[in-house]
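Chain by chain, the residues:
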Protein chains: 2
Amino acid sequence: MSDTGVTVKKSNNFSEWYVEVVLKSGLADYAPIKGCMIFKPQSYAIWEKIQEVFNKKIKSTGHQNVYFPMFIPESFLKKEAEHFEGFVPEVAWVTQGGETVLDEKLAIRPTSETIIYSAFAKWVRSWRDLPIKINQWCNIVRWETKATKPFLRTREFLWQEGHTVHKTSEEAKKEVFEILDEYKDIMEKYLAIPVLIGVKTDNEKFAGALYTTTLEAIMPDGKALQMGTSHNLGQNFAKVFNIEYIGEDKQNHRVWQTSWGISTRLIGALVMVHGDDRGLVVPPRVASIQVVIVPITYKKGDSSAILEKCKEVYEKLEKNNISVVLDDRKEYTPGWKFHEWELKGVPIRIEIGPRDLKQNQITLARRDTFQKTNAKIEDATEAVKLLLDEIQDNLYLTAKEKLIEKTTIVNNFEDFKTTLKTKGGFLKASWCGNPDCEEKIKAETGATIRLKPFVTELTTNKCILCNETPGEIVYFARSY
Amino acid sequence: MSDTGVTVKKSNNFSEWYVEVVLKSGLADYAPIKGCMIFKPQSYAIWEKIQEVFNKKIKSTGHQNVYFPMFIPESFLKKEAEHFEGFVPEVAWVTQGGETVLDEKLAIRPTSETIIYSAFAKWVRSWRDLPIKINQWCNIVRWETKATKPFLRTREFLWQEGHTVHKTSEEAKKEVFEILDEYKDIMEKYLAIPVLIGVKTDNEKFAGALYTTTLEAIMPDGKALQMGTSHNLGQNFAKVFNIEYIGEDKQNHRVWQTSWGISTRLIGALVMVHGDDRGLVVPPRVASIQVVIVPITYKKGDSSAILEKCKEVYEKLEKNNISVVLDDRKEYTPGWKFHEWELKGVPIRIEIGPRDLKQNQITLARRDTFQKTNAKIEDATEAVKLLLDEIQDNLYLTAKEKLIEKTTIVNNFEDFKTTLKTKGGFLKASWCGNPDCEEKIKAETGATIRLKPFVTELTTNKCILCNETPGEIVYFARSY
């Protein structure tokens, strides 16, 4: 493995390519604890962008950020039976504090419903206290036994989890779908990753939820990635944690709840969807560096005029809120720098060399298509802004085409298995609604139902497996 | 204890007053895990302000945010002996993942030097890789055995920890003091809390550091609070983690390091220093709500004109980036609202009643002094901005006066003990430099040396304890 460049082709060995890009672009590093990773500046900056965008959205709709303890007493987790069963196999336990063995072992949060809802039970008294709409950004621990992979499956990761309490079922439902919309917006408009939205089957829903809505993307290897979920919890937790309010009618009422989350897994999706054989490609709207300026100078001859012009362009762009770096390091050649910034996925490279100087122009190189264009120095800001938008759009549209290309309608189980093997992707197929069929398909093919579309597509076709009852069209895929 | 208001006077029982303000103002709540707390929206918003200000500062000086795993293998902690000894008594241990007992137990980070520096050892190769200047915002766990108190001492808290690597000792030293300056700025200009700065004695320094610089404030009960620390680690960790670079001279060199942190403890300081018998007082620059508008309406009569005027002022202020809330809730009286917003510490309350309406004016009530003034509607923005600045300044100056008032020069040990007992605060006294004297004073009085001033004040006075050798002037205090 070369020390600097990506040596594996994306089309040859996707999995190895992914790991190389993640490590070599400076996104992440392995940690000396099995299944854990280090978020280096490059990836944490993307996470901060996501935080900035999402915080703005949810605060404008009355949500507030909070922080709850990461320790959850075992007894709390146990209160909602389905929830407990879903999470306990992968809980990390603290059993010792200092020299003392703890009386009750403490779970490190695999998610925070139980600890947060025990507080809600105290805080909610009257209809005046509702709604409560809170969110926290925090670390989460799930002791994975499967093979781990940076961003996609690690024992510790970062996420946000929103938790809301409402007076009515309608209000809770509205919240679930509003958040789903916000998530879709972040994924498609910022990360440039098209997603399908829908609802999970009972088998696949969040442990303890009434139903789970989901956003699913397709990766270049044909596997689906769950990008985020927004759960309608109904009154399941309200019941076991006893969360009730006195209404305007002076009667006791049980509350309705939602919870929802997106995680640093989104960074993994960004790598897989947009990256190429030269490394990372970061969509302009989440790029901490949008433009890098590389002076094309030669060892011989005076380069001060070029450097000055670079500085002029740098200042112009910076003044216009474009995030720009001037790479005037003397110890590296222009070619070496091109290579490094391409690896890191910076959307636009600006070159200024002797010819550009003479013609009072800059050369713009796109990271996504490698096309080069020129612009007059005085038009630099406008040209960069237009090009950033064009790159953002192009990344999204390219991914959208691939999503369409990777979605196949299959009418019988043989086709289902063949398509899964040869092409992967989403398989639209008829399912009778019986969990047994769902489980058998999973056992035989590894594919699960990723979602049921919100608008039910009924079909006269029989269930893809049992071939008996006609069903509804759902999306199957193998997944991360 | 009344359900809503603060019932204990700050001057009567400071400790109980503190807890009441913290709980009733909505800053925090107890958690169902011993020694842990819940950061409610009101306090988390202050933390977000601190994050915003500090992120801006450190990013402008080339620092980058990252995230490292919170699990630290026992063997890592053990590498630096002094460090290990300092932290291990209060480490929480994860011993079980899922159903499996772990081979090596994992510490939950009490601080991250060891895990981060094991990565630095991999990342640093050449002089080109330096400096590295990173920071992380994260949760920290220290299994306190002493009585815990919200924000001031809890088993889990939030902080930022900066970690830098430099080529030279001079560079590291510069970093330590630049960060100290940034901290001072946040504490004095944003939190309005004056601090003394200086260096810790060897007894009191960070376990593993060459020296520790510190920022110390005095609380109304006469106890000092360590507000933040910036450590010069010298080459201690570089040595045990083997962090070396090849210089431009082609030789191997050991690096120089710093680390530094501030925590959510600052929120506790803010409560103690500025709060009063009516509750919290939040300095305008860190207040998530700077102004609340309360319409003075009566059950009888039409209040639509007043409400309209309130809305007009609300929109005007919001447009001018003042964080404002219009409290038009119908279910509460103006008096009830006054009480609630005072408890929450909002810097300015604007009242608009029938008389204000007639005179086309607003009434402004200051949270810090309770003074009321009027301003013409058209001057509202300007008046609010001026008043916010005035409140910010006044809070700082009032605290500064108290700091001066609570600093006493003592010339003999009897005075020392009497002053400590009757008045508390900082005691400026001569110390010979012998750790034995320092420890004996601590054992007898509970006071420790909070700092040695940067500009050494030598004295002809003999050491306050041994009365033998003349020493230097240091600051003693009892502390949190």
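Being a predicted model, the structure only gives us computed values, none of them experimental.

### A short note on the overall build of chain A
Within chain A one finds 14 helices and 24 strands. Seen along its three principal axes, the alpha-carbon backbone of chain A occupies a region of about 85 × 55 × 50 Å. Looking at chain A as a whole, 60% of its 480 residues qualify as buried. A separation of at least 24 residues holds for 67% of the contacts in chain A among residues at least 6 apart in sequence. About 20100 Å² of surface is accessible on chain A, with carbon and sulfur atoms providing 48% of the total.

### Examining the interface of chain B and chain A
Taken together, the contact pairs 57 residues of chain B with 56 residues of chain A. Here chain B meets chain A over a buried area of about 4500 Å², counting both sides, of which 63% is carbon and sulfur. Seen at the junction of chain B and chain A, the total is four salt bridges. A salt bridge links K122(B) to D29(A), with the shortest nitrogen-to-oxygen separation between them at 3.0 Å. Our count for the chain B to chain A interface comes out at 24 residue pairs in polar contact (both at pLDDT 80 or more). Ranked by residues supplied to the side of chain B that touches chain A, first place goes to strand β5 (residues 92-97) of chain B with six residues. Two strands pair when backbone bridges link them, and strand β5 (residues 92-97) of chain A and β5(B) are joined in this way by five bridges, in the antiparallel orientation. Within β5(B), the residue paired with W93(A) across the bridge is Q96(B).

### Focus on the sheet that holds strand β15 (residues 291-295) of chain A
Residue and element names in this part refer to chain A. One open sheet accounts for five strands, arranged β16-β15-β17-β18-β19; its pairing is mixed. Here the strands that pair on one side only, and so sit at the sheet edges, are β16 (324-326) and β19 (372-376). Going across the sheet, the axis of each strand differs from the next one's by a mean of 25 degrees, ignoring polarity. As paired elements, β15 and strand β17 (residues 348-352) share five bridges and run parallel to each other. Counted as the bridge partner of V291 is I348 from β17. Its contacts with the sheet place helix α10 (residues 334-343) against β15, β16 and β17, and it is angled at close to 170 degrees to β15.

### A closer look at the relation of the copies chain B and chain A
Screw-axis analysis of chain B against chain A gives a translation of 0.0 Å along the axis, an RMSD of 0.0 Å, and a rotation angle of 180 degrees. Those values place the two copies in the arrangement expected of a two-fold rotation axis. Taking the C-alpha atom as reference, chain B places V94(B) closest to the rotation axis, 2.1 Å from it. By residue overlap, the copies meet face to face through one surface: 98% of the interface positions of chain B are interface positions in chain A.

### Things to note about the nonpolar core
Counting residues in each nonpolar core, the largest one holds 207 residues, and the members touching the most others are F71(A), I108(A), M227(A), F71(B), I108(B) and M227(B). Contacts of F71(A), omitting those with residues within four sequence positions, involve V94(A), L106(A), A107(A), I115(A), I33(B), C36(B), I108(B), V141(B) and W143(B).

### Looking at the sheet that holds strand β10 (residues 211-218) of chain A
Residues and elements named next belong to chain A. Pairing is mixed across the open sheet formed by seven strands, whose spatial order is β3-β7-β8-β14-β11-β10-β9. A strand with exactly one partner marks an edge of an open sheet, and here the two such strands are β3 (64-65) and β9 (196-199). Bridge analysis of β3 against strand β7 (residues 132-141) gives two bridges, and the strand direction is parallel. Paired with Q64 across the strands is I134, a residue of β7. Each of β3, β7, β8 (156-166) and β14 (256-263) is contacted by helix α2 (residues 41-60), which is oriented at about 165 degrees to β7, the strand it contacts most.

### A closer look at the packing of α2(A) against helix α8 (residues 265-274) of chain A
Residues and elements named next belong to chain A. Interhelical geometry of α2 versus α8 gives an angle of 110 degrees and a closest axis separation of 10 Å. When the interaxial angle is binned, α2 and α8 end up roughly perpendicular. The element α2 and its partner α8 pack so that their crossing is right-handed. Two secondary-structure elements touch here, α2 through S43, I46, W47 and I50 and α8 through L266, I267 and L270. Split into classes, the residues belonging to the contact of α2 with α8 amount to six nonpolar, one polar and no charged.

### Focus: the pattern of salt bridges
The final tally for this structure, using the stated rule, is 55 salt bridges over all chains. The partner of E351(A) in a salt bridge is R349(A), and the shortest N-O contact between them spans 2.8 Å. Neither E351(A) nor R349(A) differs from the other in exposure class; each is buried. As a salt-bridge pair, E74(B) and K78(B) come within 3.9 Å of each other at their nearest N and O atoms. Within this pair, E74(B) and its partner K78(B) are both found in helix α3 (residues 74-78), separated by four residues, close to a single helical turn.

### Some points on α2(A)
Three or four residues apart is the spacing at which side chains of an α-helix point the same way, because the helix has 3.6 residues per turn. Residues and elements named next belong to chain A. For α2, with 20 residues, the first-to-last C-alpha span of 28 Å sits near the 28 Å given by 1.5 Å per residue. Most of α2 is tucked away, with 15 of its 20 residues classed as buried. Positive backbone phi, at 85 degrees, marks G62, one or two positions downstream of α2.

### Thoughts on unusual backbone geometry
Here the amide bond leading from L130(A) into P131(A) is cis, since omega sits at -5 degrees, within 30 degrees of zero. Within the chain, N467(A) stands out as a residue other than glycine whose phi angle is a positive 60 degrees. You can see N467(A) is positioned in the loop between β23 (458-462) and β24 (470-477). One non-glycine residue, N360(B), lies in positive phi territory at about 55 degrees. Mapped onto the elements, N360(B) comes out in the loop between α11 (354-358) and β18 (361-366).

### Considering the confidence of the model for chain A
Chain-level statistics for chain A give a pLDDT mean of 96 and a share of 99% at 70 or above. Listed scores for the predicted complex are pTM 0.96 and ipTM 0.96.

### Structural notes on the packing of aromatic side chains
Following the criterion strictly, the structure yields 40 aromatic pairs over all chains and no others. For the ring pair F76(B) and F241(B), a centre distance of 6.5 Å and an interplane angle of 50 degrees mean the geometry is tilted. Note that F76(B) is positioned in helix α3 and F241(B) in helix α7 (residues 236-241), a separation of 165 residues in sequence. Clustering of aromatic rings is evident, with ring pairs tying together W47(A), F54(A), W137(A), Y183(A) and W260(A). Taking NZ or CZ as reference, K105(B) lies 4.6 Å from the ring centre of W93(B), over its face.

### Examining the pairing of strand β6 (residues 100-108) of chain A
Residues and elements named next belong to chain A. Where strand β4 (residues 71-73) and β6 come together, three bridges link them in antiparallel fashion. Bridged to I72 within β6 is A107. With four bridges joining them, β5 and β6 adopt antiparallel strand pairing. Residue pairing across strands places G97 opposite T100, the latter belonging to β6.

### Focus on helix α1 (residues 14-24) of chain B
Residues and elements named next belong to chain B. Burial analysis of α1 places eight of its 11 residues in the buried class, the great majority of the element. Turning to α1, its buried residues are F14, W17, Y18, V19, E20, V21, V22 and K24. The elements touched by buried residues of α1 are β1 (28-30), α8 (265-274) and α10 (334-344). At the exit of α1 stands G26, carrying a positive phi of roughly 85 degrees.

How each quantity is defined
Residues numbered from 1 in each chain as written. Chains lettered and ligands numbered in written order. Predicted model: local features only at pLDDT ≥ 70, side-chain atom pairs only at ≥ 80, totals over all residues. Heavy atoms only, no water. Helix = DSSP H or I, 4+ residues; strand = E, 2+ residues; numbered from the N terminus. Buried < 20%, exposed > 50% of the residue type's maximum accessible area, 1.4 Å probe, protein only. Contact = heavy atoms within 4.5 Å. Areas by Shrake-Rupley, 256 points an atom, 1.4 Å probe, with all protein chains shown as cover. Buried area = accessible area lost by both parts, 1.4 Å probe. Salt bridge = Lys/Arg side-chain N within 4 Å of Asp/Glu carboxyl O. Polar contact = N/O pair within 3.5 Å; in protein donor to acceptor, adjacent residues only side chain to side chain. Pairing = 2+ DSSP bridges. Axes fitted to C-alpha atoms, helices over the stretch in contact; angles between N-to-C directions. Least-squares fit on C-alpha atoms with pLDDT ≥ 70 in both. Core = buried A, V, L, I, M, F, W, Y, C linked by side-chain atoms within 4.5 Å. Parallel < 35°, antiparallel > 145°, perpendicular 65-115°, else oblique. Left-handed = near helix turned anticlockwise from the far one by under 90°. Nonpolar A, V, L, I, M, F, W, Y, C, P; charged D, E, K, R; others polar. Expected span 1.5 Å × (residues − 1). pLDDT = per-residue confidence, 0-100. Phe/Tyr/Trp six-rings, centres within 6.5 Å; stacked < 30°, edge-to-face > 60°. Lys NZ or Arg CZ within 6 Å of the ring centre and 35° of its normal.

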